[in-house]
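Structural features, examined
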Amino acid sequence: MKTTNLTLLKQLKFSPHEIERRKEYLDIDEPSREALVSMRGVVRANIDNIVERFYDRILSFDEMDRVIGDAETLHRLRNYQRQYILSMFDGEYSEDYVHSRLRVGVVHKRIGVDPKYYVAAIFVLKDVLCKLVDDISEEKCEVCRKNKSAIDKLIMFDLLLAFDTYIFSLMTEAQRSNDELETYTDSLEEVIAERTRLLVEQARNDGLTGLLNQRAFYSELKKELLRGQRRNHAVVLVYFDLDGFKALNDEQGHTRGDEVLVAVGDAMRETLRETEVMARYGGDEFCIVLSDITLENTEGVCRRLCESIEQKTKGTGVTCSMGVAASTPEESTDVNSLVKAADKKMYEAKKEPGFSIKMPEA
């Protein structure tokens, strides 16, 4: 439920029982209440003088004068203080009274009044009221003592209530700041995770084609070879480069050359499964790692890829030569040896015109 739908009493969990307990803590009993009520008439008769004395004392401090700020604010405060003081001697110290004192703490916190000024002000009020008791005592020392004691207790009661809302407001602000910090931290973690993902991707991927770069290719090929050994299946490497690419670059420029490289990358993604390793080895050289596949099926994949590249690079004069090498359960090999074997087959394929594929000997 929104806090705006709850009274201060409910927000601070002030039940009637809690209010009575507060009064018991400060010994605000029936004799104290009667003592305060007995002064009601005198206080009403002298209220203007009480308020005047109070503000004479308060405004003698420059910092207090600056807090109040202007004559209109002072006028409103005088009227409010008049009602505040009169309510102290009504004898009703239940929920309505407590709520009004809690509101005092909220208002002072919202307008930025430092607690030390509030504490000073309420003790000035106590001093002014006790002086009034002295003025009207006519040497009734016991009555005077009881009246001052009752004022002391109620002043402390009011002070504690105001500080409850000061503390509650600070805790609410702290919780709000903590919630905002957690939200910011969560969003920051998401940003960091996304940027980390992008950095990892940039570190692994070729910036032009989006395929894996050479370093990532070697890492993935090593993993596939180890997996093939564990699962007892073949790993096939297809290594190819683009014939006629240098002439295209020289004649039509690097921008046109880049377009062809991007087209080859697109052809690879469209022909192969997403889970298969596809890499730009460097320049116009590309590699594909196929796992758990026969050489017959590999040749079919290579032919489909050649057809796709031919379609996407039509009119450029570019073809490709593919070399295929395999690491099998019967004859396994390491990363470097497999790359060298595929590279050798690729150069053998170059001896044939157009799109050509050189498979390993059966």
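Residues numbered from 1 in each chain as written. Predicted model: local features only at pLDDT ≥ 70, side-chain atom pairs only at ≥ 80, totals over all residues. Heavy atoms only, no water.

Here we take up the overall build of the chain. When its secondary structure is counted, the chain shows 15 helices and five strands. Over its C-alpha atoms the chain spans a radius of gyration of 44 Å, topping by over 25% the 21 Å that the globule rule assigns to 362 residues. Split into buried and exposed, the 362 residues of the chain put 42% on the buried side. Considering only contacts in the chain between residues 6 or more positions apart, those separated by 24 or more positions represent 74%. (Helix = DSSP H or I, 4+ residues; strand = E, 2+ residues; numbered from the N terminus. Rg over C-alpha atoms; globule rule 2.2 N^0.38 Å. Buried < 20%, exposed > 50% of the residue type's maximum accessible area, 1.4 Å probe, protein only. Contact = heavy atoms within 4.5 Å.)

Taken as a whole, this structure holds 28 salt bridges when the rule is applied. Here K23 ties to E20 by a salt bridge, and the two come within 3.1 Å at their closest N and O atoms. Taken as a pair, K23 and E20 lie in helix α2 (residues 16-25) at a separation of three residues, close to a single helical turn. With its nearest N and O atoms 3.2 Å apart, the salt bridge here joins D206 to R280. Here the residue D206 occupies a position in the loop between α10 (141-204) and α11 (214-231), and R280 occupies one in strand β2 (residues 277-282), the gap between them amounting to 74 residues. Looking at D206, the relative accessible area reads 15%, which means it is buried. Taken together, the shared-partner salt bridges in this structure form one network comprising R57, D127 and K131. (Salt bridge = Lys/Arg side-chain N within 4 Å of Asp/Glu carboxyl O.)

Attention now goes to the confidence of the model for the chain. Taken over all residues, the pLDDT of the chain has a mean of 86, while the share at 70 or more is 91%. This stretch, residues 1-6, has a pLDDT under 50; its non-local contacts, to residues over four places away or in other chains, come to three contacts. (pLDDT = per-residue confidence, 0-100.)

Before going further, it helps to spend a moment on the sheet that holds strand β5 (residues 356-358). Strands sit in the order β2-β3-β1-β4-β5 across an open sheet of five strands; the sheet is mixed. At either margin of the open sheet sits one strand with a lone partner, and together these are β2 and β5. Ignoring which end each strand starts from, the neighbouring axes of this sheet average 20 degrees apart. Here strand β1 (residues 235-243) pairs with strand β4 (residues 319-327) via nine bridges, running antiparallel. Looking at β4, one finds that D241 is bridged to S321. Packed on one face of the sheet, α11 meets β1, β2, β3 (285-291) and β4 and runs near 140 degrees to β2. Sitting on the sheet, helix α14 (residues 295-312) touches β1, β3, β4 and β5, and the angle it makes with β4 is about 160 degrees. (Pairing = 2+ DSSP bridges. Axes fitted to C-alpha atoms, helices over the stretch in contact; angles between N-to-C directions.)

Counting through the fold element by element, F61 comes out in the loop between α5 (47-58) and α6 (62-68). Each C-alpha atom of the pair F61 and I47 lies 22 Å from the other, and the pair is 14 residues apart in sequence.

A contiguous nonpolar surface patch, about 460 Å² in accessible area, is contributed by L181, Y184, L188, V191 and I192. Tracing the backbone through its elements, the reader meets L181 in helix α10. (Patch = residues over 30% accessible without salt bridge, like charges linked within 9 Å, V, L, I, M, F, W, Y side chains within 5 Å. Areas by Shrake-Rupley, 256 points an atom, 1.4 Å probe, with all protein chains shown as cover.)

This paragraph deals with the nonpolar core. Formed by 50 residues in total, the largest nonpolar core has its most connected members in V43, I85, M88, F89 and I151. Of all the secondary structure elements, the ones that give two or more residues to this core are α3 (30-38), α5, α6, α7 (71-88), α8 (95-110), α9 (115-136) and α10. Residues within four places of F89 in sequence aside, it is in contact with L36, V37, M39, R40, V43, L129 and I151. Counting 29 residues, the second largest nonpolar core, distinct from the first, contains F240, V260, I288 and C320. (Core = buried A, V, L, I, M, F, W, Y, C linked by side-chain atoms within 4.5 Å.)

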